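# Topology and contacts: notes
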Amino acid sequence: MHILQVGLMVQQTVNQRFGKCLLELSGNNAIIVMDDADIQLAVRSILFAAVGTAGQRCTTCRRLLLHESIYDRVIDQLLSVYKQVKVGDPLEKGTLLGPLHTSESRKNFEKGIETIKSKGGKILTGGSVIESEGNYVQPTIVEISPKADVVKEELFAPVLYVMKFQTLQDAIEINNSVPQGLSSSIFTRKPEVIFKWIGPQGSDCGIVNVNIPTNGAEIGGAFGGEKATGGGREAGSDSWKQYMRRSTCTINYGNELPLAQGINFGS
């Protein structure tokens, strides 16, 4: 059963007793790179956000949205650094990509790649399991349409979907087009772009970053998402509200009861 289905069942069960839920179901996080971005900073951020922990993190970057004017430049740099990724025992120094956590995850990776190909996805690098002891797979970059159904699902593995956009509004619409709404990031130097991105007409995610990857679990920051990610917040200064109920308390310390109606209780 899919995690979103499980979350819906939990929420419906808890709602029957008017209880509260704090659900963290899935992420489908995007990084947007604008035409004025610091490309070197963006490429380093994308690599670690997409490949770190073998893509097995709720804030992993799943989708990469590149402005058409810098698309080829960023792709070329990413393909170069992906070739340098050391795959192997995560306890060994220099290893960036360890194994998937189960053999079932490895099978899901293989099934996911086949689905991607059937939906018109083009494998730019990776796309295969590594035939060795353990559940190792290649870090993968896929060129695909943002409208492909497979893009709207979370494949919990080091698979990065890349797509091209023309305007900031296009990028925001693509970012917001998936059911999940956990983390999101944009790389730009323009204040007007930053403030639109973090404002009500920008990202619809619970975590909205600028010039850093799709990180989320930061000390002091409320962690959680919107939409099918589940809602609610952990950590941060307002996290206690999720676990509390509000009571309005009124105390009369006097001996009189002032009444607006003007009723007289005198003998």
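Refer to the structure printed above.
Reading the values: the criteria
- Sequence positions are assigned chain by chain, starting from 1 and proceeding in written order.
- With the structure being a predicted model, the display of local features is reserved for residues of pLDDT at least 70 and the display and counting of side-chain atom pairs for 80 or more, all residues being used for whole-chain, interface and lining totals.
- Only heavy atoms go into the side-chain values, all of them from the structure, while hydrogens and water stay out.
- Helical segments are the DSSP runs of H or I of at least four residues, strand segments are the runs of E of at least two, and each set is numbered from the N terminus.
- For the radius of gyration, the atom set is restricted to C-alpha positions; the globular benchmark scales as 2.2 Å times the number of residues to the power 0.38.
- Exposed residues in this analysis have more than 50% of their type's maximum accessible area, buried residues have under 20%, and partly exposed residues fall in between, with area computed by a 1.4 Å probe over protein chains only.
- Here, two residues are considered to be in contact whenever any of their heavy atoms come within 4.5 Å of each other.
- Just so you know, the count uses Lys and Arg for positive and Asp and Glu for negative, and it drops His and the chain ends.
- The location of each charge is read from NZ of Lys, CZ of Arg, CG of Asp or CD of Glu.
- For two strands to be treated as a pair, DSSP must find at least two bridges joining them.
- Between N-to-C directions, angles span 0 to 180 degrees; the directions come from axes that are lines fitted to C-alpha atoms, helices contributing only their stretch in contact.
- In what follows, salt bridge is the name for a side-chain nitrogen of Lys or Arg lying within 4 Å of a carboxyl oxygen of Asp or Glu.
- Working rule for angles: under 35 degrees goes down as roughly parallel, over 145 as roughly antiparallel, 65 to 115 as roughly perpendicular, anything else as oblique.
- Whether a crossing is left-handed or right-handed is set by the direction in which the near helix is turned from the far one by less than a right angle, anticlockwise for left-handed and clockwise for right-handed.
- Here, nonpolar core means buried Ala, Val, Leu, Ile, Met, Phe, Trp, Tyr and Cys residues that are tied together by side-chain atoms lying within 4.5 Å of each other.

### Brief notes about the overall build of the protein
Within the protein, the regular secondary structure consists of six helices and nine strands. Taking 18 Å as the expected radius of gyration for a compact globule of 267 residues, we find that the protein reaches 24 Å, considerably beyond that expectation. Summarising its shape, the C-alpha atoms of the protein cover approximately 95 × 45 × 35 Å along the three principal directions. In the protein, which comprises 267 residues, the proportion classed as buried is 43%. Considering only contacts in the protein between residues 6 or more positions apart, those separated by 24 or more positions represent 64%. The centroid of the 27 positive side-chain charges in the protein is displaced by 1 Å from the centroid of its 27 negative side-chain charges.

### What about the sheet that holds strand 3 (residues 122-125)?
With respect to topology, seven strands assemble into an open sheet ordered 3-4-5-2-1-7-8, the strand pairing being mixed. Edge positions in the sheet fall to strand 3 and strand 8 (207-210), since each has one partner strand and no second. Between one strand axis and the next, the sheet turns by 25° as a mean value, whatever way the strands run. Sheet topology note: the strand 3/strand 4 (residues 140-143) ladder contains three bridges and is antiparallel. Its bridge partner being in strand 4, Thr-125 is matched across the sheet by Ile-141.

### Remarks on the pattern of salt bridges
Overall, the coordinates contain three salt bridges when judged by the stated rule. Arg-62 is paired through a salt bridge with Glu-154; the nearest N and O atoms lie 3.4 Å apart. Taken together, the residues span a long stretch of sequence, with Arg-62 in strand 2 (residues 61-67) and Glu-154 in the loop between strand 4 and strand 5 (159-165) at a distance of 92 residues. Between Glu-92 and Lys-86 there is a salt bridge, and its shortest N-O distance comes to 3.9 Å. Of the residues examined, Lys-86 reaches a relative accessible area of 35% and is grouped as partly exposed.

### Description of the packing of helix 2 (residues 39-51) against helix 3 (residues 71-82)
Packing of helix 2 against helix 3 brings their axes to within 10 Å, and their N-to-C directions diverge by 50°. One element, helix 2, and the other, helix 3, form an angle in the oblique class. The hand of the helix 2/helix 3 crossing is right-handed. Contacts between helix 2 and helix 3 involve Ile-39, Val-43, Ile-46, Leu-47, Ala-50 and Val-51 from the former and Arg-73, Val-74, Gln-77, Leu-78, Val-81 and Tyr-82 from the latter.

### Quick look at the environment of Ile-46
For Ile-46, the position within the fold is in helix 2. On the basis of relative accessibility, which here comes to 0%, the residue Ile-46 falls in the buried class. Between the alpha carbons of Ile-46 and Cys-61 there is a distance of 7.2 Å; along the sequence they are 15 residues apart.

### Quick notes on the nonpolar core
Buried together is how nonpolar side chains tend to be arranged in soluble globular proteins. Counting 55 residues, the largest nonpolar core has Val-33, Ile-46, Leu-64, Ile-116, Ile-144, Val-159 and Tyr-161 as its most contacted members. Ranked by the residues each element gives to this core, the list is headed by helix 2, at eight residues. If sequence neighbours within four positions are ignored, Val-33 has contacts with Ile-39, Ala-42, Ile-46, Leu-64, Leu-65, Leu-66, His-67, Ile-70, Phe-165 and Phe-187.

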